[in-house]
Amino acid sequence: MEAHRVQGPQPSPPEIPPVGECSKNGRQLSTTKRAAQNRAAQRAFRQRKECYIKDLEAKVLELKSSKETIDSLRQENLQLRDYILALQSRLIEQPGVGGVPTPPAVYARRQVDFLHDPATATVPLDNEDRHELEEKAH
(Lines give C-alpha, C1' and ligand atoms only; values in the text may rest on other atoms or scores of the structure.)
Protein backbone atom coordinates (compact mmCIF):
# COMPACT_ATOMS: atom_id res chain seq x y z
CA MET A 1 0.00 0.00 0.00
CA GLU A 2 1.29 3.31 -0.98
CA ALA A 3 0.67 6.28 1.32
CA HIS A 4 -1.01 9.26 -0.21
CA ARG A 5 1.23 12.33 -0.13
CA VAL A 6 -0.14 15.70 0.82
CA GLN A 7 0.70 18.47 -1.59
CA GLY A 8 2.30 21.66 -0.29
CA PRO A 9 5.55 22.63 1.38
CA GLN A 10 6.61 20.18 4.02
CA PRO A 11 9.94 21.00 5.64
CA SER A 12 12.26 18.08 5.93
CA PRO A 13 15.01 18.06 8.56
CA PRO A 14 18.17 19.54 7.02
CA GLU A 15 20.46 16.95 8.63
CA ILE A 16 18.78 13.88 7.12
CA PRO A 17 17.65 14.29 3.51
CA PRO A 18 15.11 11.91 2.07
CA VAL A 19 16.47 8.65 0.71
CA GLY A 20 17.49 8.85 -2.91
CA GLU A 21 18.04 12.62 -2.87
CA CYS A 22 21.29 13.82 -4.42
CA SER A 23 23.78 16.28 -3.05
CA LYS A 24 25.12 19.30 -4.95
CA ASN A 25 27.83 17.24 -6.61
CA GLY A 26 25.44 14.51 -7.74
CA ARG A 27 26.28 11.81 -5.18
CA GLN A 28 23.53 10.09 -3.30
CA LEU A 29 23.25 11.28 0.29
CA SER A 30 23.50 8.69 3.01
CA THR A 31 20.99 8.65 5.82
CA THR A 32 23.17 6.85 8.33
CA LYS A 33 23.96 8.27 11.71
CA ARG A 34 27.63 8.57 10.80
CA ALA A 35 26.82 10.56 7.65
CA ALA A 36 24.64 12.91 9.70
CA GLN A 37 27.49 13.38 12.18
CA ASN A 38 29.90 14.10 9.33
CA ARG A 39 27.56 16.71 7.87
CA ALA A 40 27.14 18.33 11.28
CA ALA A 41 30.92 18.38 11.79
CA GLN A 42 31.44 19.89 8.33
CA ARG A 43 28.83 22.57 9.03
CA ALA A 44 30.48 23.40 12.37
CA PHE A 45 33.88 23.59 10.65
CA ARG A 46 32.53 25.96 8.01
CA GLN A 47 31.04 28.18 10.72
CA ARG A 48 34.31 28.24 12.70
CA LYS A 49 36.22 29.01 9.50
CA GLU A 50 33.84 31.85 8.62
CA CYS A 51 34.18 33.30 12.14
CA TYR A 52 37.98 33.02 11.97
CA ILE A 53 38.06 34.79 8.59
CA LYS A 54 35.84 37.60 9.94
CA ASP A 55 38.21 38.01 12.90
CA LEU A 56 41.19 38.20 10.53
CA GLU A 57 39.43 40.77 8.36
CA ALA A 58 38.72 42.89 11.46
CA LYS A 59 42.39 42.66 12.46
CA VAL A 60 43.45 43.72 8.97
CA LEU A 61 41.24 46.82 9.21
CA GLU A 62 42.66 47.61 12.65
CA LEU A 63 46.23 47.20 11.42
CA LYS A 64 45.57 49.39 8.38
CA SER A 65 44.21 52.08 10.66
CA SER A 66 47.23 51.77 12.96
CA LYS A 67 49.59 51.99 10.00
CA GLU A 68 47.88 55.15 8.77
CA THR A 69 48.21 56.66 12.26
CA ILE A 70 51.88 55.71 12.45
CA ASP A 71 52.57 57.15 8.99
CA SER A 72 50.80 60.37 9.92
CA LEU A 73 52.72 60.67 13.20
CA ARG A 74 56.01 59.91 11.45
CA GLN A 75 55.33 62.67 8.92
CA GLU A 76 54.43 65.09 11.70
CA ASN A 77 57.62 64.14 13.56
CA LEU A 78 59.73 64.90 10.48
CA GLN A 79 58.01 68.24 10.01
CA LEU A 80 58.60 69.17 13.65
CA ARG A 81 62.26 68.19 13.39
CA ASP A 82 62.64 70.41 10.34
CA TYR A 83 60.91 73.23 12.22
CA ILE A 84 63.27 72.82 15.19
CA LEU A 85 66.30 72.92 12.90
CA ALA A 86 64.99 76.09 11.25
CA LEU A 87 64.46 77.74 14.63
CA GLN A 88 67.92 76.69 15.81
CA SER A 89 69.53 78.10 12.67
CA ARG A 90 67.71 81.41 13.27
CA LEU A 91 69.06 81.51 16.83
CA ILE A 92 72.58 80.87 15.61
CA GLU A 93 72.32 83.67 13.04
CA GLN A 94 71.07 86.23 15.57
CA PRO A 95 73.84 88.49 16.91
CA GLY A 96 74.18 88.69 20.67
CA VAL A 97 72.57 85.36 21.46
CA GLY A 98 74.72 83.42 23.89
CA GLY A 99 74.34 80.00 22.28
CA VAL A 100 71.59 77.68 21.19
CA PRO A 101 69.83 75.73 23.93
CA THR A 102 70.27 71.98 23.75
CA PRO A 103 66.98 70.12 23.12
CA PRO A 104 66.01 67.82 26.03
CA ALA A 105 66.12 64.65 23.90
CA VAL A 106 69.71 65.35 22.81
CA TYR A 107 70.73 66.18 26.38
CA ALA A 108 69.23 62.90 27.67
CA ARG A 109 71.06 60.94 24.95
CA ARG A 110 74.31 62.64 25.91
CA GLN A 111 73.86 61.55 29.52
CA VAL A 112 73.30 57.92 28.57
CA ASP A 113 76.25 57.87 26.16
CA PHE A 114 78.58 59.50 28.66
CA LEU A 115 77.61 57.26 31.56
CA HIS A 116 78.09 54.07 29.53
CA ASP A 117 81.41 54.98 27.94
CA PRO A 118 82.65 58.57 27.92
CA ALA A 119 85.34 57.72 25.36
CA THR A 120 82.81 56.61 22.73
CA ALA A 121 80.00 59.08 23.40
CA THR A 122 78.29 59.77 20.08
CA VAL A 123 77.57 63.44 20.78
CA PRO A 124 80.47 65.63 21.93
CA LEU A 125 79.89 67.27 25.28
CA ASP A 126 80.63 70.91 25.93
CA ASN A 127 82.39 71.83 29.18
CA GLU A 128 79.21 72.84 30.99
CA ASP A 129 77.44 69.54 30.18
CA ARG A 130 80.52 67.48 31.05
CA HIS A 131 80.89 69.23 34.44
CA GLU A 132 77.20 68.67 35.26
CA LEU A 133 77.35 64.98 34.30
CA GLU A 134 80.54 64.42 36.32
CA GLU A 135 78.84 65.88 39.38
CA LYS A 136 75.85 63.55 38.92
CA ALA A 137 78.11 60.53 38.42
CA HIS A 138 79.92 61.08 41.73
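For the structure itself, look to the data block above.
The sections below set out a description of the structure shown in this document. Everything quoted here is computed from the prediction, not taken from an experiment. (Residues numbered from 1 in each chain as written. Predicted model: local features only at pLDDT ≥ 70, side-chain atom pairs only at ≥ 80, totals over all residues. Heavy atoms only, no water.)

Quick notes on the overall build of the chain
Next, step 1: Each helix and strand in the chain was counted, giving 3 helices and 0 strands.
Next, step 2: Taken from the N to the C terminus, the helices and strands of the chain come in the order α-α-α.
Next, step 3: Sorting the 138 residues of the chain into buried and exposed places 9% on the buried side.
Next, step 4: Here the contacts in the chain between residues at least 6 apart in sequence split such that 11% fall between residues at least 24 apart. (Helix = DSSP H or I, 4+ residues; strand = E, 2+ residues; numbered from the N terminus. Buried < 20%, exposed > 50% of the residue type's maximum accessible area, 1.4 Å probe, protein only. Contact = heavy atoms within 4.5 Å.)

So, the pattern of salt bridges
Next, step 1: Under the defined criterion, the tally for this structure stands at 3 salt bridges.
Next, step 2: Across the pair K67 and D71 runs a salt bridge, and its minimum N-O distance is 2.9 Å. Within this pair, K67 and its partner D71 are both found in helix 1 (residues 33–93), separated by 4 residues, close to a single helical turn.
Next, step 3: Of the charged contacts in the structure, one is a salt bridge between R74 and D71, with a shortest N-O distance of 3.9 Å. Taken together, the positions of R74 and D71, both in helix 1 and 3 residues apart, correspond to about one turn of that helix.
Next, step 4: The exposure class assigned to D71 is partly exposed, which follows from its relative accessible area of 34%.
Next, step 5: Several salt bridges converge on common partners, so that one network encompasses K67, D71 and R74. (Salt bridge = Lys/Arg side-chain N within 4 Å of Asp/Glu carboxyl O.)

Let's talk about a nonpolar patch on the surface
Next, step 1: A cluster of nonpolar residues, Y52, I53 and L56, forms a patch on the protein surface that exposes about 280 Å² of accessible area.
Next, step 2: With respect to the helices and strands, I53 occurs in helix 1. (Patch = residues over 30% accessible without salt bridge, like charges linked within 9 Å, V, L, I, M, F, W, Y side chains within 5 Å. Areas by Shrake-Rupley, 256 points an atom, 1.4 Å probe, with all protein chains shown as cover.)

Some points on helix 1
Next, step 1: Here helix 1 spans 90 Å end to end across 61 residues, near enough to the 90 Å set by a 1.5 Å rise per residue.
Next, step 2: Those residues of helix 1 not exposed but buried are A35, A36 and R39. (Expected span 1.5 Å × (residues − 1).)

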